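Below are the chains, spelled out letter by letter.
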Amino acid sequence: MKTSNPVLARLGQAAERERATGYAQPGPYGQPGYPQQYPPQQHYPSGYGQPVAPPAVTPMTLDDVVVKTVLMLAILGASAAAAWVLVPDALVGVAWIGAAVVGLVLGLIISFSRMANPALVVAYSIVEGVFVGMVSKAFDSLYDGIVLQAVAASFGVFFLMAMIYKARIIRATPKFARIMVAIIAGLFGVMLVNLVLALFGVNTHLRDGSPLAIGFSLVCIVVASLSFVLNFAQIEEGVRMGLPQRYAWTAAFGIVVGLVWLYIEILRLLSYFQGDD
């Protein structure tokens, strides 16, 4: 199963690597994900006549992913609150851009890293918290109460998609996954082109509150929401395949990335409807 999130897409590949190295071998009755209990060639320490089993690797569970996700969100929220309070208004723009660049670099490193790195994930949460805090502070200075509305809407959408996925109302079929990947790639391509044109003073009306901008934001919100279905499916597959527990950090990172994107898009959409206040 493919996912629109490049971070979570690596979970299936990681499972294959872990099984190939003997950390997630099938169980004696064919169940996937049980750690290999004994190596093919047993070793006998000096003075002992019993084989020594290698240390078992604890498999990832859904609870592990939930705990890591909550922890990341708590760190992100604390960092955002600290940045909101401590960063002067005159430096909001600088902190905003700086955190966005550093967060992008850290996100790429985590995304393309072969191993789950909790330290990098925590660092990303801190930096992304600064970014979210600065964006939120800028919007709140223009539209009072908009941040709380966006936060509530973002988590509401996330939990709604979780319930929809659990009820299998929307299934993460291969065809659905391919379509979602293509749409998300197209959206990010459009946003990148729009950013470059904006730097040269060209207004494409995708981010100015026009009807076209409202429609574009609605499309982004719908796609971001649907992408959680693929993410949930990939995490469920990783748990079923017996990925090591450390990959819960990788899964949590992918969920948080999606939540931040959803929050920013909802914040932007709400600002369009309050622009004349």
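Residues numbered from 1 in each chain as written. Predicted model: local features only at pLDDT ≥ 70, side-chain atom pairs only at ≥ 80, totals over all residues. Heavy atoms only, no water.

What follows is about the confidence of the model for the chain. Mean pLDDT for the chain: 82, with 78% of residues reaching 70 or above. Note that pLDDT drops below 50 for residues 1–5; the model gives that stretch 22 contacts with residues more than four away or on any other chain. (pLDDT = per-residue confidence, 0-100. Contact = heavy atoms within 4.5 Å.)

Turning to the nonpolar core, a few remarks are in order. Of all hydrophobic cores here, the largest spans 62 residues; its most connected members are Met 72, Phe 228, Phe 232, Ile 255, Tyr 263 and Leu 267. If you list the elements that add at least two residues to this core, you get helix H2 (62–86), helix H3 (92–112), helix H4 (118–142), helix H5 (146–166), helix H6 (174–199), helix H7 (211–240) and helix H8 (247–273). Tallying contributions element by element places H8 first for this core, with 18 residues. Beyond its immediate chain neighbours, meaning those up to four positions away, Met 72 contacts Val 121, Tyr 124, Ser 125, Trp 249, Ala 252, Phe 253 and Val 256. Counting residues in hydrophobic clusters, the runner-up holds six residues, among them Ala 83, Val 92, Ala 95 and Met 134. (Core = buried A, V, L, I, M, F, W, Y, C linked by side-chain atoms within 4.5 Å. Buried < 20%, exposed > 50% of the residue type's maximum accessible area, 1.4 Å probe, protein only. Helix = DSSP H or I, 4+ residues; strand = E, 2+ residues; numbered from the N terminus.)

Time to look at the packing of H4 against H8. Contact pair H4 / H8: the axes reach a minimum separation of 11 Å and the direction vectors enclose 5°. As judged from the angle between their axes, H4 and H8 are roughly parallel. Contacts between H4 and H8 involve Pro 118, Val 121, Val 122, Tyr 124, Glu 128, Phe 131, Val 132, Val 135, Ser 136 and Phe 139 from the first element and Trp 249, Phe 253, Val 257, Val 260, Tyr 263, Ile 264, Leu 267, Arg 268 and Ser 271 from the second. When grouped by side-chain class, the residues that make up the contact of H4 with H8 number 15 nonpolar, two polar and two charged. (Axes fitted to C-alpha atoms, helices over the stretch in contact; angles between N-to-C directions. Parallel < 35°, antiparallel > 145°, perpendicular 65-115°, else oblique. Nonpolar A, V, L, I, M, F, W, Y, C, P; charged D, E, K, R; others polar.)

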